[in-house]
Number of protein chains: 2
Amino acid sequence: MMKPDFIQRLHDAQNISDSMVCVGLDPDLNKLPESFHVRYGSPQSAVLAFNEAIIQATAPYSCAYKLNAAFYESLGSCGFDVLKTTVSLIPKDKIRIIDAKRGDIGNTASKYAESIFGLLEADGCTVAPYMGLDAVEPFLAYEGRAVFVLIRTSNPSSDQLQSLIADGKPLYAHVAHLAFTWGEEFPGSIGFVVGATNPTELRDLRNLYPGTPFLIPGIGAQGGSIDAVASAATPNGLVLVNSSRGILYASSGEDFDKMAANAARELRDKLNHAVNSHAD
Amino acid sequence: MMKPDFIQRLHDAQNISDSMVCVGLDPDLNKLPESFHVRYGSPQSAVLAFNEAIIQATAPYSCAYKLNAAFYESLGSCGFDVLKTTVSLIPKDKIRIIDAKRGDIGNTASKYAESIFGLLEADGCTVAPYMGLDAVEPFLAYEGRAVFVLIRTSNPSSDQLQSLIADGKPLYAHVAHLAFTWGEEFPGSIGFVVGATNPTELRDLRNLYPGTPFLIPGIGAQGGSIDAVASAATPNGLVLVNSSRGILYASSGEDFDKMAANAARELRDKLNHAVNSHAD
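Quantities reported herein were computed from a predicted structural model and do not represent experimental measurements.

**Some points on the sheet that holds strand β10 (residues 239-243) of chain B**
Residues and elements named next belong to chain B. Overall, parallel pairing links the eight strands, which are arranged β1-β2-β3-β4-β5-β8-β9-β10 in a closed barrel. Neighbouring strand axes in the sheet, compared pairwise and without regard to direction, differ in orientation by 30 degrees on average. Two strands pair when backbone bridges link them, and strand β1 (residues 21-25) and β10 are joined in this way by three bridges, in the parallel orientation. Counted as the bridge partner of C22 is N242 from β10. The sheet contacts of helix α9 (residues 171-182) involve β5 (146-152) and β8 (190-194), and relative to β5 the element is tilted by about 165 degrees.

Now the structure itself:
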């Protein structure tokens, strides 16, 4: 049986770079190297030059890029074009995810899908689950793409709702079960967002859903555990481990791209080492 | 004691127009009057001309406008400018809400707030609650604006999570309580999104949170109850009743603006009549 497109593409992207690292392209104007503001005439060209340098430097050590929509929207008029151009700068053998956490009723969700999968031509996107299947379904109509549903997020206040107990199970476990069933008709099309900051929950979810791609934020600035991530990756490697600030701003000087490459390579090697230890 | 800015502005906007109607500006290129595609050279100018005509025609009968971000994002490059120009076309005595349902970790949520409250200068926006306070807090830093948190949505699959029972209460009731507490330090800054399609729940929430502004979708195309909305409005009128498709596409011919005005006036009058009956 042929593997579903997205899963096959993810495996290929991981094999080429021997990496599970996803680089988060969240360009913050206030954190670009100082010289950029002098060298480039507009925020648009500064951000594009920064993104291009980061992509070139980190491509050998990463399998995916995740573009956080908020950072582009805060650029105003040029935001969409910077987002679209950045997607086009990413090598085609990488997975390109728009982290937009959209979620709305059906007719609106189909407009979001049109923008993210149609116009931006992303391979994946993130979606919030609060409104149920309606928010996800229009994205599933795009073959070979993946929708990563927020299950257990990495932020401090994530417990407020996600850990509420209903029928003896935390809310996030209900969401995981629901999201899994949404994907049954579209194999490989549903992924989970599960933070590295809750290692036990990450492991439990991995055991329950071994065939679902996991997008794992929370490493680095947010303090998540490499070991937990490695444990989740062990069955078949279907995890994307995101690092944004830890790679983008490894240095604020002229060597930002070299230092970003170092940070990406170091994360890749740490992850691979931890995975190999788990597999032993 | 002075009333909080947003609540005062909402009362003023409602008094001027004697209306609780919020017009949903969700412009769908496929539903514009046929002549628009011939008359205007670009999607951008067609949508702006449509929005301007709708705003002019409906302003006498409405207190607010809600712009659904998805419909603008699906326009691509020009989406942000069309959104920003549309906000600027709305009379300043109306409430202007960006319906974006954003929700992310703190550093990202602050970028969304910068875009929606900073660049677009909206008075309110919608936010999804799944990630907890972190997703809402950066918006609260903007004085006099309101964040409408999704509590009980109007779509068919809203039950899947929102009706799960935790500690004897449905999830949406937990979200309402949490969102209410988030606003305690910032009076008038938190509103609730509660659909008109669940009349009993709408009434119950209204009784528990009589001082919170409610943004109520689900009237019209989604089949919500005018009577339930009127009942929720009775204590103090702090409700915004949204209609999008029922007003925008009341006619697909050249009389679209006149028919939109009629639909807005009719909804206003029905709501006011029902509220007066409840108050008797």
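More follows now that the structure is in view.
**A look at the nonpolar core**
Taken as a class, soluble globular proteins show a tendency for nonpolar side chains to be buried jointly. The biggest cluster of nonpolar side chains holds 212 residues, and the ones touching the most others in it are L25, I98 and I151 of chain A together with L25, I98 and I151 of chain B. If we skip the residues at most four places from it in the chain, I151 of chain B touches Y130 of chain A together with Q162, Y172, V175, A176, A179, F192, V193, V194 and L205 of chain B.

**A look at the sheet that holds strand β4 (residues 124-127) of chain A**
Residue and element names in this part refer to chain A. Strand order around the closed barrel formed by eight strands is β1-β2-β3-β4-β5-β8-β9-β10, with parallel pairing between neighbours. Across the sheet, the mean angle separating the axes of adjacent strands is 30 degrees when strand polarity is ignored. Across two bridges, strand β8 (residues 190-194) lies against strand β9 (residues 214-216) in parallel orientation. The residue of β9 that forms the bridge with V193 is L215. Running over the sheet, helix α3 (residues 43-58) touches β1 (21-25) and β2 (64-68) and is turned about 170 degrees from β1. In this fold helix α9 (residues 171-182) packs onto β5 (146-152) and β8, with an angle of close to 165 degrees to the strand it touches most, β5.

**As for the pairing of β5 of chain A**
Residue and element names in this part refer to chain A. Counting buried positions along β5 yields seven of seven residues, so the element is predominantly enclosed. Here four bridges tie β4 to β5, and the two strands are oriented parallel to one another. Note that in β5 the partner of G124 across the bridge is A146. Inspection of the sheet shows β5 paired to β8 by five bridges, in the parallel sense. Bridge assignment links R152 to a residue of β8, and that residue is V194.

**A short note on the relation of the copies chain A and chain B**
For the match of chain A to chain B, the screw axis carries a shift of 0.0 Å, the RMSD comes to 0.0 Å, and the turn is 180 degrees. Look at the turn and shift together and you get a two-fold axis relating the two. Minimal C-alpha separation from the rotation axis in chain A is found for A166 of chain A, amounting to 2.2 Å. Mapped onto chain B, 100% of the interface residues of chain A again fall at the interface, so both copies present the same surface.

**A word on the interface of chain A and chain B**
At the junction of the two partners, chain A supplies 55 residues and chain B supplies 55 residues. With both sides pooled, the region where chain A packs onto chain B buries about 4,700 Å², and carbon together with sulfur makes up 56% of that total. On the chain A side of the contact with chain B, K111, Y130 and L161 of chain A bury the most area, a combined 17% of that side's loss. On inspection of chain A and its partner chain B, the count reaches six salt bridges. A salt bridge links D104 of chain B to K101 of chain A, with the shortest nitrogen-to-oxygen separation between them at 3.0 Å. Applying the counting criterion to the chain A and chain B interface returns 30 residue pairs in polar contact (both at pLDDT 80 or more). Looking at the side of chain A that touches chain B, the elements that each hand over two or more residues are α4 (69-73), α5 (79-89), β3 (95-102), α6 (106-119), β5, α8 (159-162), β6 (165-166) and α9 of chain A. For the side of chain A that touches chain B, the element with the highest residue contribution is α6 of chain A, accounting for seven residues. Classifying every residue of the side of chain A that touches chain B by side-chain character gives 25 nonpolar, 18 polar and 12 charged.

**So, the packing of aromatic side chains**
All names here are of chain A. Evaluated as defined, the whole model comprises 22 aromatic pairs over all chains. A centroid spacing of 5.9 Å and a plane angle of 70 degrees characterise the contact between F6 and F148, whose relative ring orientation is edge-to-face. Residue F6 is located in helix α1 (residues 5-17), and its partner F148 is located in strand β5; the two are separated by 142 residues in the primary sequence. On the basis of an interplanar angle of 10 degrees and a centroid distance of 6.1 Å, the ring pair of F50 and Y249 is categorised as stacked. Placement of F50 in helix α3 and of Y249 in the loop between α12 (245-248) and α13 (256-279) is noted, with a sequence separation of 199 residues between them. Assigned by exposure class, F50 and Y249 land together as buried.

**Details of the pattern of salt bridges**
Under the criterion given, the structure shown has 28 salt bridges over all chains. Two residues, D159 of chain B and R152 of chain B, come together in a salt bridge whose shortest N-O distance is 2.5 Å. Overall, the relative accessible area of 41% leaves D159 of chain B in the partly exposed class. One network of salt bridges, with partners in common, ties together K66, D99 and K101 of chain A together with D104 of chain B.

**What about the packing of α3 of chain A against α13 of chain A?**
Two numbers describe a pair of packed helices, the interaxial angle and the distance between the axes. Residues and elements named next belong to chain A. Contact geometry for α3 and α13: axes closest at 8 Å, N-to-C directions at 40 degrees. In terms of orientation, α3 lies oblique with respect to α13. With respect to the hand of their crossing, α3 and α13 are arranged in right-handed fashion. Between α3, through F50, A53, I54, A57 and T58, and α13, the contact on the second element is made entirely by F256, D257, A260, A261 and A264. A class-by-class count of the residues in the contact of α3 with α13 yields eight nonpolar, one polar and one charged.

**Considering helix α6 (residues 106-119) of chain B**
An α-helix turns once every 3.6 residues. As a result, residues three or four positions apart point the same way. Its 14 residues place the ends of α6 of chain B 19 Å apart at the C-alpha level, agreeing with the 20 Å of an ideal helix rising 1.5 Å per residue. Two residues or fewer after α6 of chain B comes E121 of chain B, characterised by a positive phi angle close to 55 degrees.

Reading the values: rules and limits
Residues numbered from 1 in each chain as written. Chains lettered and ligands numbered in written order. Predicted model: local features only at pLDDT ≥ 70, side-chain atom pairs only at ≥ 80, totals over all residues. Heavy atoms only, no water. Pairing = 2+ DSSP bridges. Helix = DSSP H or I, 4+ residues; strand = E, 2+ residues; numbered from the N terminus. Axes fitted to C-alpha atoms, helices over the stretch in contact; angles between N-to-C directions. Contact = heavy atoms within 4.5 Å. Core = buried A, V, L, I, M, F, W, Y, C linked by side-chain atoms within 4.5 Å. Buried < 20%, exposed > 50% of the residue type's maximum accessible area, 1.4 Å probe, protein only. Least-squares fit on C-alpha atoms with pLDDT ≥ 70 in both. Buried area = accessible area lost by both parts, 1.4 Å probe. Salt bridge = Lys/Arg side-chain N within 4 Å of Asp/Glu carboxyl O. Polar contact = N/O pair within 3.5 Å; in protein donor to acceptor, adjacent residues only side chain to side chain. Nonpolar A, V, L, I, M, F, W, Y, C, P; charged D, E, K, R; others polar. Phe/Tyr/Trp six-rings, centres within 6.5 Å; stacked < 30°, edge-to-face > 60°. Parallel < 35°, antiparallel > 145°, perpendicular 65-115°, else oblique. Left-handed = near helix turned anticlockwise from the far one by under 90°. Expected span 1.5 Å × (residues − 1).

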